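Understanding the architecture of this molecule
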Amino acid sequence: MDVIPLGPGFGAELRGVALADVVADDDAYAAVRAVFEEQSVLVLRGQEVTDALQLAFSRRFGPPEVTKVGSQGTGTHFVILTTIGPDGKVVPADHRMQLRNKANQLWHTDSSFKRVPALTSILSARIIPEHGGETEYVSTRIAFERLDAKLQRQLENSFAWHDYAHSRGKIAPGLATEEERAALPAQCWRMVWRNPKNGRGALYLASHAYAVEAMEASAGTRLIEELSETATAPGCSYLHQWRQGDVVMWDNRATMHRGRPWPSHEPRLMIRTTISATEADGLDSMRPPFWQAVERGRGEPAAPRHGQV
Ligand SMILES: [Fe+2]
């Protein structure tokens, strides 16, 4: 297996290894997993992807998420990201499916708004538009390591609230439905995710983050925005230009990503599988101290109201 560096200090293309090798061979999995822990974004080109193969590859890394209500693929292990309607035609630019793509174009990390956040997402290109539609990545690990030691310590002891309805509300009021709101109450996570394999910390941020626990609303929002701006500053990203047969996987603990726009009349179909984080991935260290009180049945702390953004 060859490891070809791609981005500014993170990201690598793997050559000489295929999805099926990782499924079938423990050594191949261990080798890919080790690069994943260090590089955060992995690209495999020229793969012959089927849903079954993508899922078998994904399962190597942990338990697959079941797709939430309101997303295409709900109840399965696949998220279908597309603007192609049931009649085979591209839906109009103001369709909910197109608006959801706009929300995907905000910097985020997948599933931080869920009760169990995601270790990794695996995305395969099935139909690619002729122009645009790239996926852009930044390393929140590198961003964290650039901060001064005092701020690092502060963030390691800070907790942010994440809410799916918040990121959707930035695009259109009501884009998150009542059903989604009810199924996805706000979640609170430590603002730094320390990788248990190599000990390196990363900012845990997303467009879903809207408040910092025990911090005045506007100050919390400002802190989240400033950290996001630092992490996504020009020159910090790797832009993945999709080709047929590409599979990209990324570490949601140590990156943020965003979709890039493409002409809304051009079809695009991507299939995502998402693997939940487990204790071995450092999940327990991410829960706020008051979580233990929750577990003991003392009642869940109220999520702060959304600040004036
Ligand atoms: Fe995403």
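Here we summarise the structure given alongside this text. Bear in mind that the values here come from a model prediction, so they are computed numbers and not experimental data. (Residues numbered from 1 in each chain as written. Predicted model: local features only at pLDDT ≥ 70, side-chain atom pairs only at ≥ 80, totals over all residues. Heavy atoms only, no water.)

Taken together, His108 (NE2), Asp110 (OD) and His257 (NE2) make up the full set of protein donors to the iron ion, lying 2.2 Å away. When the donors of the iron ion are listed by position in the chain, the intervening gaps give H-x1-D-x146-H. With His108 in the loop between α4 (96-104) and β5 (118-127) and His257 in strand β14 (residues 255-259), this residue pair connects regions lying 149 residues apart in the sequence. (Donors = N, O, S within 2.8 Å, 3.2 Å for Na, K, Ca; no water. Helix = DSSP H or I, 4+ residues; strand = E, 2+ residues; numbered from the N terminus.)

This paragraph deals with the environment of Tyr29. Tracing the backbone shows Tyr29 in helix α2 (residues 26-39). Expressed as a C-alpha distance, the spacing of Tyr29 and Met215, which sit 186 residues apart in the sequence, is 42 Å.

Counting across every chain of the model gives 17 salt bridges. Residue Asp51 is joined to Arg126 by a salt bridge in which the shortest nitrogen-to-oxygen separation is 2.9 Å. On the criterion of sequence distance, the pair formed by Asp51 in helix α3 (residues 51-59) and Arg126 in strand β5 is long-range, its members being 75 residues apart. Overall, the relative accessible area of 34% leaves Asp51 in the partly exposed class. Of the charged contacts in the structure, one is a salt bridge between Arg260 and Glu136, with a shortest N-O distance of 3.7 Å. Pair noted here: Arg260 is in the loop between β14 and β15 (269-276) and Glu136 is in strand β6 (residues 135-139), with a separation of 124 residues, a long-range link. Residue Arg260 is classed as partly exposed on the basis of its relative accessible area of 25%. (Salt bridge = Lys/Arg side-chain N within 4 Å of Asp/Glu carboxyl O. Buried < 20%, exposed > 50% of the residue type's maximum accessible area, 1.4 Å probe, protein only.)

Moving on to unusual backbone geometry. For Ser40, which is not glycine, the phi dihedral falls at a positive 75 degrees. One can find Ser40 in the loop between α2 and β3 (41-44). With a phi close to 70 degrees, Ser111 is a non-glycine residue in the positive phi region. We classify Ser111 as buried; its relative accessible area is 2%.

A few words now on the packing of aromatic side chains. Counting across every chain of the model gives seven aromatic pairs. With a centroid separation of 4.9 Å and 50 degrees between ring planes, the pair formed by Phe113 and Tyr164 is classed as tilted. One end of the pair, Phe113, is in the loop between α4 and β5; the other, Tyr164, is in helix α7 (residues 164-169), and 51 residues separate them in sequence. Of the residues examined, Phe113 reaches a relative accessible area of 7% and is grouped as buried. A residue is classified by how much of its surface remains accessible, and Tyr164, at 4% relative accessible area, is buried. Judged by centre distance (5.2 Å) and plane angle (75 degrees), the ring pair of Trp193 and Tyr204 falls under edge-to-face. Within this pair, whereas Trp193 is found in strand β9 (residues 192-194), its partner Tyr204 is found in the loop between β10 (201-203) and β11 (209-212), the two being separated by eleven residues in sequence. Of the two residues, Trp193 and Tyr204, both sit in the buried class. One aromatic cluster is present, built from ring pairs that chain together Tyr29, Phe36, Phe57 and Phe61. The cationic tip of Arg268 hangs over the ring face of Trp262; the distance from NZ or CZ to the ring centre is 4.7 Å. (Phe/Tyr/Trp six-rings, centres within 6.5 Å; stacked < 30°, edge-to-face > 60°. Lys NZ or Arg CZ within 6 Å of the ring centre and 35° of its normal.)

Right, let's get into helix α9 (residues 217-231). For α9, built from 15 residues, the straight-helix expectation of 21 Å at 1.5 Å per residue is met to within 8% by its first-to-last C-alpha distance of 21 Å. Three or more residues of α9 are buried, namely Gly220, Thr221, Leu223, Ile224, Leu227, Ser228 and Ala231. Taken down its axis, α9 places every buried residue within 160 degrees of arc, on the same side. Summarising the contacts, the buried residues of α9 are in contact with β6, α5 (140-146), α6 (149-156), β10, β11 and β14. (Expected span 1.5 Å × (residues − 1). Arc of directions from axis to C-beta. Contact = heavy atoms within 4.5 Å.)

In terms of nonpolar packing, the biggest core is built from 24 residues, with Leu14, Val22, Val32, Leu42, Phe57, Phe61 and Met249 touching the most fellow members. Counting residues per element, the ones that place at least two in this core are α1 (19-24), α2, β3, β5 and β13 (247-251). Looking at which element gives the most residues to this core, the answer is α2, with four residues. In this view, Leu42 contacts Ala12, Leu14, Val32, Val35, Phe36, Val247, Val248 and Met249; residues no more than four positions away in its chain are not counted. Judged by nonpolar contacts, the second largest core, of 19 residues, contains Val138, Phe144, Ala160 and Leu227. (Core = buried A, V, L, I, M, F, W, Y, C linked by side-chain atoms within 4.5 Å.)

Here we have seven strands laid out as an open sheet, ordered β1-β2-β3-β13-β5-β15-β4, and mixed in their pairing. Strand pairing shows two members of the sheet lacking a second neighbour, β1 (2-5) and β4 (79-82), which therefore form its edges. Strand after strand, the sheet turns through a mean of 25 degrees between neighbouring axes, direction not considered. Examined bridge by bridge, β5 and β15 share eight bridges and lie antiparallel to one another. Paired with Ile127 across the two strands is Leu269, which belongs to β15. Helix-sheet contacts for α2 involve β1, β2 (12-15), β3, β5 and β13, and the interaxial angle to β3 is about 135 degrees. (Pairing = 2+ DSSP bridges. Axes fitted to C-alpha atoms, helices over the stretch in contact; angles between N-to-C directions.)

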